[in-house]
Amino acid sequence: MRNVFLLSAAVILAGCLPDKAATPQTERSLHERVLTLDTHIDIPLTYMTEIDPQFDTALQVDLPKLAAGHLDAGFWIIYTPQGELTEAGYAAGREIAETRYRAITDLVNSYPEKVEMALTAADVRNAVDNGRHAVLIGMENAYPMGENPDVALWARRGVRYIGITHFGHNQFGDSSNANPKRDDGPRHDGLSDLGKRLIRAMNDNGVMVDVSHTGKETMMQAADYSRAPIIASHSGVKAMADTARNLDDEQLLKIKDVGGVAQMVALGAYVKLPTAEQAAARKALDAEFGDRAGWDQAKRDRYGERRAAITAMAPEATVAEFVDHIDHAVKVAGIDHVGIASDFDGGGGIDGWQDASETANVTAELERRGYSEEEIEKIWSGNLLRVMEAAERAGR
Ligand SMILES: [Zn+2]
């Protein structure tokens with residue numbers, strides 16, 4: 001990149017070079033030139049009914065912030081908290097999933113000038129070329145699909161990755177974080193038979209298999225069982241922050257071996273370990289609030305406020321510390337197997353990348369560390385889109 005900057009400076013200084021030297025291409029910053037894709041953007045249940053993202057909102061992601069931060073594409077998330085493995089539990093989960101699916105389709109239908117639904121990697125590039133934010137859909141936690149998962153239906157609706165588990169084991173596999181109330185040790189020692197059927201159905205329908213939130217056994221088995229490369233849609237590395245949610249080097253190498261991609265997550269507690277004082281306060285807070293499955297929005301908000309107060313007890317994780325995760329993942333798995341996820345509006349956000357409007361700071365830190373434009377493009381979207389294309393081919 002240094003050469004391009006020198007060239008730009010030379011053009012300005014010389015002032016007499018042919019006009020074509022000053023094409024718009026060279027005037028745009030590196031951040032504006034690369035296609036930026038965030039693989040994890042959460043939405044509240046009140047999205048599009050009580051919250052209108054065309055305005056500057058309290059959310060970390062809305063349409064003005066996407067434009068300000070040149071965030072070109074994102075996986076918008078149908079998240080369902082883990083509930084009981086019963087018909088009633090699945091039905092309640094399905095309601096939540098339907099609500100978020102409606103919100104994402106409403107977003108796309110309401111602001112066609114600003115956002116465009118993308119079903120393929122080619123759609124993503126087209127939408128961005130047309131000046132629109134490409135909306136992809138990811139499902140976080142396959143739980144609401146019950147015991148007869150209709151992956152074809154969700155694939156027709158636009159879902160392009162499905163996370164096998166969330167917090168707590170489910171019918172498909174074991175989570176990285178067992179639910180202390182419900183889970184008495186591992187449930188399946190990895191994937192269940194139903195989990196294997198789920199993966200086969202994802203492969204058949206061109207949907208990427210997401211192993212973020214799964215336990216290591218589940219993740220390693222999923223990597224072997226899937227005929228398409230897997231992704232970790234939003235995870236950090238244990239080498240930098242040793243939490244259950246993060247990936248160890250063996251897992252990073254597995255993702256490399258199968259041609260997949262690990263998307264580093266900008267969630268403070270996964271970027272930098274909390275202090276002992278913060279850890280104790282969080283444990284007490286979680287005990288006080290109980291099982292997430294029963295929370296309404298007001299309770300989620302209250303929890304969020306209390307959680308933020310605990311976060312404020314120590315300096316926040318920074319963009320530099322976040323990029324340390326990227327550096328480590330690149331060192332272990334290689335430049336072709338690492339990407340980026342914010343987890344905005346789902347707990348994500350660090351000092352310097354607090355919302356979508358600050359996205360250029362991540363690119364700036366990558367530039368400072370000496371990554372080339374080609375490498376930054378791979379990290380921001382190229383690797384993920386390559387895996388998405390492989391999943392599309394596997395589905396045919
Ligand atoms: Zn998550």
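Please read all numbers here as calculations on a predicted model, not as lab measurements.

*Asks:* Explain the overall build of the protein chain residue by residue, including any values.
*Replies:* In terms of regular secondary structure, the protein chain is built from 16 helices and nine strands. Compactness check: the protein chain gives a C-alpha radius of gyration of 21 Å against a globular reference of 21 Å for 396 residues, within 12% of the reference. Evaluated residue by residue, the protein chain yields a buried proportion of 54% over its 396 residues. Surface exposure of the protein chain reaches about 16700 Å², of which carbon and sulfur atoms provide 51%.

*Asks:* Let's hear about the nonpolar core: which residues, and what values?
*Replies:* Trp-76, Phe-322, Ile-326 and Trp-353 are the most contacted members of the largest nonpolar core, which totals 79 residues. Considering each element in turn, this core owes the most residues, eight residues, to helix 14 (residues 319-333). Core analysis: the second largest hydrophobic core is formed by 24 residues, Tyr-79, Leu-136, Tyr-161 and Ala-228 among them.

*Asks:* Explain the coordination of the zinc ion to me, using residue names and the numbers behind them.
*Replies:* Protein-derived coordination of the zinc ion comes from Glu-140 (OE), His-213 (NE2) and His-234 (NE2), at a distance range of 2.0 to 2.2 Å. All donors to the zinc ion come from one chain, and their sequence spacing reads E-x72-H-x20-H. Linking His-213 in the loop between strand 6 (208-210) and helix 9 (216-225) with His-234 in strand 7 (residues 231-235), this pair joins segments that are 21 residues apart in sequence. His-213 gets classed as buried once you look at its relative accessible area, which sits at 4%. For His-234, a relative accessible area of 0% puts it in the buried group.

Conventions used here
Residues numbered from 1 in each chain as written. Predicted model: local features only at pLDDT ≥ 70, side-chain atom pairs only at ≥ 80, totals over all residues. Heavy atoms only, no water. Helix = DSSP H or I, 4+ residues; strand = E, 2+ residues; numbered from the N terminus. Rg over C-alpha atoms; globule rule 2.2 N^0.38 Å. Buried < 20%, exposed > 50% of the residue type's maximum accessible area, 1.4 Å probe, protein only. Areas by Shrake-Rupley, 256 points an atom, 1.4 Å probe, with all protein chains shown as cover. Core = buried A, V, L, I, M, F, W, Y, C linked by side-chain atoms within 4.5 Å. Donors = N, O, S within 2.8 Å, 3.2 Å for Na, K, Ca; no water.

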